[in-house]
Amino acid sequence: MKNSPWLAALFTFSSIVSAADPVNNDLPVGSIGRSALERVRPALVRIETTSAGGGNAHTHSGLRINAEEVITTSWGLDPDPTAILIEWEGGTRRSATIVGRDFRRGIALLKLSDASTLDKAQPFPVAVPKQEIRVGQWAWSAGSIWPDAPSLSMGMVSATGRVWGEAIQTDAKVSPVNYGGPLIDRQGRV
C-alpha cells in the first residue's frame, strides 16, 4: 500500500474536490484561481440576445477584448438576433452587433455601440503565447452570466492542437454559466 497508485489517485482526487470547496478558501489552488479570475474579471461580460418574433432571450458569457469589441462563442448566439445587449460588472450596458463569425473555431466577434463613452483605460485581457500552453497546466474556465458574481471552474489543459490544430482541450467544466467565457491560466491570461 506504501507505493500504491490508487492512494496517489485518491489523494489527487480529494485535493481537487477540496480546492473547489467554498469552505476551504485558503487552499493554494483555490486562491490561485481566484487571483487569476480577478485579473480577467473586468473584461468578463454577460451577453443577452433576443430572437426575431419576440422569442426567448438567450444568455451567455463573453470577453471584452478591447474598448469596442467582445468575443464569444457562436454556438449560443442566435444566427440573426433582433437585439444583442452586453453587460459587465457594475451594470454598464451597451447594445452590440455581430461583425464577424468564425464557424470553424466556433467564435463570434461583436461590436459595442456607443463605445466612445466607455472607459478605454480599462485593463483588457492578455493572451497566453501559444508556445507556453502545456498539457497538464492548471486552467480555469470563467463566465459571467451574473456580472457581479462570475463563475469559475478549475481543471487542466488535457490536450492542445485539437479541432484542426486550433483548439485547447480542458477538463475544466464548461457549462451554460460560462459558455463563451475565457479559459485562463494561473496569471489570468486568456
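Small disclaimer: the values here were computed from a predicted structure and weren't measured. (Residues numbered from 1 in each chain as written. Predicted model: local features only at pLDDT ≥ 70, side-chain atom pairs only at ≥ 80, totals over all residues. Heavy atoms only, no water.)

Thoughts on the sheet that holds strand E7 (residues 138-143)
Then, number 1: Strand order across the open sheet formed by four strands is E9-E8-E7-E10, with antiparallel pairing between neighbours. Each having just a single partner strand, strand E9 (167-170) and strand E10 (183-184) make up the two edges of the open sheet.
Then, number 2: The pairing of E7 with strand E8 (residues 151-161) spans six bridges and is antiparallel. Bridged to Trp 140 within E8 is Met 154. (Pairing = 2+ DSSP bridges. Helix = DSSP H or I, 4+ residues; strand = E, 2+ residues; numbered from the N terminus.)

A word on the pairing of strand E3 (residues 69-73)
Then, number 1: Bridge analysis of strand E2 (residues 58-64) against E3 gives two bridges, and the strand direction is antiparallel. Residue pairing for E3: Arg 64 is matched across the bridge by Val 70.
Then, number 2: With antiparallel pairing between neighbouring strands as the criterion, E2 and E3 make up a hairpin whose turn holds four residues.

Points about the nonpolar core
Then, number 1: The biggest cluster of nonpolar side chains holds eleven residues, and these are Val 45, Ile 47, Val 70, Leu 77, Ile 84, Ile 86, Trp 88, Ala 96, Ala 108, Leu 110 and Leu 112.
Then, number 2: Breaking this core down by element, the ones donating at least two residues are strand E1 (44-50), strand E4 (83-88) and strand E6 (107-112).
Then, number 3: When residues no more than four places from it in sequence are discounted, the contact partners of Val 70 are Val 45, Ile 47, Gly 62, Leu 63, Arg 64, Ile 65, Ile 86, Ala 108, Leu 109, Leu 110 and Leu 112.
Then, number 4: In terms of nonpolar packing, the next biggest core, distinct from the first, is built from nine residues, Leu 37, Val 40, Trp 140 and Ala 142 among them. (Core = buried A, V, L, I, M, F, W, Y, C linked by side-chain atoms within 4.5 Å. Buried < 20%, exposed > 50% of the residue type's maximum accessible area, 1.4 Å probe, protein only. Contact = heavy atoms within 4.5 Å.)

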